[in-house]
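Report on the structure
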Amino acid sequence: SGVIEVSFVVERDGSLTDIAVKRDMNFGTGEAAVSLLKKARKWKPGVQNGRAVRVAYTLPIRLSAVSQ
């Protein structure tokens, strides 16, 4: 269990660019997070003064081990 941090930019059209792993747990978790964001649907862009703008975003992803 732990936290992965992924940063990216939401463009004016809602696409995600500049995806980078800031904190990783190893074991392929960072690569999995990047591939998941590359497959994601378009996000809603930021709005400033009524216009769509680019927004930098950092997404923390918490993972925890499930005991069986």
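Look up: the structure comes first, before these words.
These numbers were taken from a predicted model, which means no experiment stands behind them.

**A closer look at the pattern of salt bridges**
Evaluated as defined, the whole model comprises three salt bridges. Residues Arg23 and Glu5 are paired through a salt bridge, measuring 3.6 Å at the closest nitrogen-oxygen approach. Placement of the pair is Arg23 in strand E2 (residues 16-23) and Glu5 in strand E1 (residues 2-10), with a sequence separation of 18 residues. Exposure remark for Glu5: the relative accessible area of 22% places this residue in the partly exposed category. When the shortest N-O distance is used, the salt bridge between Glu11 and Arg54 registers 2.8 Å. One end of the pair, Glu11, is in the loop between E1 and E2; the other, Arg54, is in the loop between strand E4 (51-53) and strand E5 (55-63), and 43 residues separate them in sequence. Judged by relative accessible area, Glu11 falls into the buried class, the value being 16%. Overall, Arg54 belongs to the partly exposed group, its relative accessible area being 42%.

Parameters at a glance
- Residues numbered from 1 in each chain as written.
- Predicted model: local features only at pLDDT ≥ 70, side-chain atom pairs only at ≥ 80, totals over all residues.
- Heavy atoms only, no water.
- Salt bridge = Lys/Arg side-chain N within 4 Å of Asp/Glu carboxyl O.
- Helix = DSSP H or I, 4+ residues; strand = E, 2+ residues; numbered from the N terminus.
- Buried < 20%, exposed > 50% of the residue type's maximum accessible area, 1.4 Å probe, protein only.

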